[in-house]
Amino acid sequence: MIDIRNIVFSYNVQPVLQDVCCRIDTGDFVALAGPNGSGKSTLIKCVNGILKPQSGTISVDGQPVAHYSPNAMARIIAYVPQSQRRQQATTVFDTVLMGRKPFISWKPATSDLDITADILRRLNIGHLSMKRTNELSGGQQQTVMIARALAQEPKILLLDEPTANLDIRHQLEVLELLKTLSQKGITILIAIHDINMAIRYASRIMMLKDGRIFAYGDKSVVTTENIENLYGIRADIIDQGEYLYIVPRGLPANKT
Ligand SMILES: Nc1ncnc2c1ncn2[C@@H]1O[C@H](COP(=O)(O)OP(=O)(O)OP(=O)(O)O)[C@@H](O)[C@H]1O
Ligand SMILES: [Mg+2]
């Protein structure tokens, strides 16, 4: 469980997160949506302990994030950042195996190798195992970073736009896998721009606007009004029963 209480964060003077309060229950699959610059990545980095809020607290499983050692944190939370540093020339297998690091004392056990191989298979990148990561396409690199996070077998997965570089099939594969993990009790917080994918897969949608939570709840928070206010566009909602689709109509008349 993640408990975020009255978080204020600023990089310099202007606060980027302003009094953010929310609770993410165990096994929730939360999609974090909002315009560019609204604070999604910043919030994820605060949950992960990479950034320290100026005020407020974030607790994971009842303990403030600041109280966890880096290794204890890595055993609970895995994080896939929005932009990756330039990949080093290690193989895909070794990169994913690095996800096991918090559990390895001096050399990987057979179980670590098995977990790595299993994740490569589940993400359909087994055939890339011996390829060097700097020789992969952008989408393949992103899948490898997701695989590395999954190899950590975390209780909480933080993913910052993990599907941004993926084709539609790979987006579905990753989101299906995340949904299965959340159904097994893993808590997922994912920043995602594709609101239709968010509605389809997440159990809850958190809308962030100007560093504040604008709306948070199940797909009923996805209303034309909320979408228009959040993004400053005109939109229609098509309800097909099983799925709900946002179709942008365009910019407001005074912007066109
Ligand atoms: N390292 C930094 N130093 C100073 N300001 C920053 C830094 N990182 C982000 N910001 C600012 O903080 C605000 C929130 O940025 P953040 O990256 O959290 O937004 P975001 O919602 O993830 O956006 P995007 O959808 O573009 O990824 C922006 O105004 C941004 O310019
Ligand atoms: Mg971001």
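See the structure shown above.
Cut-offs used in this document
- Residues numbered from 1 in each chain as written.
- Chains lettered and ligands numbered in written order.
- Predicted model: local features only at pLDDT ≥ 70, side-chain atom pairs only at ≥ 80, totals over all residues.
- Near = placed C-beta within 6 Å.
- Helix = DSSP H or I, 4+ residues; strand = E, 2+ residues; numbered from the N terminus.
- Nonpolar A, V, L, I, M, F, W, Y, C, P; charged D, E, K, R; others polar.
- Axes fitted to C-alpha atoms, helices over the stretch in contact; angles between N-to-C directions.
- Parallel < 35°, antiparallel > 145°, perpendicular 65-115°, else oblique.
- Left-handed = near helix turned anticlockwise from the far one by under 90°.
- Contact = placed C-beta atoms within 7 Å.
- Pairing = 2+ DSSP bridges.
- Buried ≥ 20, exposed ≤ 12 C-beta atoms within 10 Å, placed from the backbone.
- Right-handed = clockwise from strand over helix to strand, strands pointing away.

Participant: Help me out: how do you make sense of the site of ligand 1 in this one?
Facilitator: Within the structure, ligand 1 sits among Tyr-11, Val-16, Gly-34, Asn-36, Gly-37, Ser-38, Gly-39, Lys-40, Ser-41, Thr-42 and Gln-82. When residues in the shell around ligand 1 are grouped by element, the largest group, 3 residues, is from helix α1 (residues 40-47). Among the residues forming the shell around ligand 1, the class breakdown is 2 nonpolar, 8 polar and 1 charged.

Participant: What exactly am I supposed to notice about the packing of helix α4 (residues 110-122) against helix α5 (residues 138-151) here?
Facilitator: The description of two helices packed together rests on the angle between their axes and the distance between the axes. Close contact between α4 and α5 brings their axes to 10 Å; oriented N to C, the two are set at 140°. The angle between α4 and α5 places the two elements in the oblique class. Seen along the crossing, α4 lies across α5 with a hand that is right-handed. Of the residues in α5, those touching α4 at Ile-115, Thr-116, Ile-119 and Leu-120 are Ala-147, Leu-150 and Ala-151. Here the contact of α4 with α5 is built from residues that sort into 6 nonpolar, 1 polar and no charged.

Participant: What is the right way to look at the pairing of strand β12 (residues 244-250) in this model?
Facilitator: Every regular strand shows the same layout, with side chains that alternate between the two sheet faces. With 6 bridges connecting them, strand β11 (residues 234-239) and β12 associate as antiparallel partners. Paired with Ala-235 across the bridge in β12 is Pro-248. Between the antiparallel neighbours β11 and β12 lie 4 residues, among them Gly-241 with a positive phi of about 85°.

Participant: I'm lost on unusual backbone geometry in this one. Help?
Facilitator: With glycine set apart, most residues show a phi of negative sign, and most peptide bonds adopt trans. Phi is positive for Glu-153, close to 45°, though the residue is something other than glycine. Mapped onto the elements, Glu-153 comes out in the loop between α5 and β7 (156-160). Positive phi, normally seen in glycine, also occurs at Glu-161, with a value near 50°. Tracing the sequence through the fold places Glu-161 in the loop between β7 and α6 (168-183). For Glu-161, a count of 20 C-beta atoms within 10 Å gives the class buried.

Participant: Just to check I follow, could you spell out the sheet that holds strand β3 (residues 29-33) for this structure?
Facilitator: Paired through backbone hydrogen bonds, the strands of a sheet run either parallel or antiparallel to each other. If you walk across this open sheet you meet the 6 strands as β6-β7-β8-β3-β9-β10, and the pairing is mixed. In this open sheet, the two edge strands, each paired with only one partner strand, are β6 (77-80) and β10 (212-217). If you compare each strand with its neighbour and ignore which way they point, the axes differ by 15° on average. Direction of pairing for β6 relative to β7: parallel, over a ladder of 4 bridges. By the bridge assignment, Ala-78 is partnered in β7 with Leu-157. Across the sheet, α5 touches β6 and β7, and the angle it forms with β6 is around 175°. Against the sheet, α6 makes contact with β3 and β8 (187-191), and its axis sits at roughly 150° relative to β8, the strand it touches most.

Participant: Quick question: what am I supposed to make of the pairing of β8 here?
Facilitator: Counting buried positions along β8 gives 5 out of 5 residues, so the element sits mostly inside the fold. Across the two faces of β8 the burial is the same, with Thr-187, Leu-189 and Ala-191 and Ile-188 and Ile-190 all buried. Both β3 and β8 contribute to a ladder of 4 bridges, which runs parallel. Paired with Val-30 across the bridge in β8 is Leu-189. As judged from the 5 bridges shared by β7 and β8, these two strands associate in the parallel manner. Residue pairing in the sheet places Ile-156 in a bridge with Thr-187 of β8. A crossover links β7 with its parallel partner β8, the connecting element being α6, and its sense is right-handed.

Read these as spatial facts, not as claims about activity.
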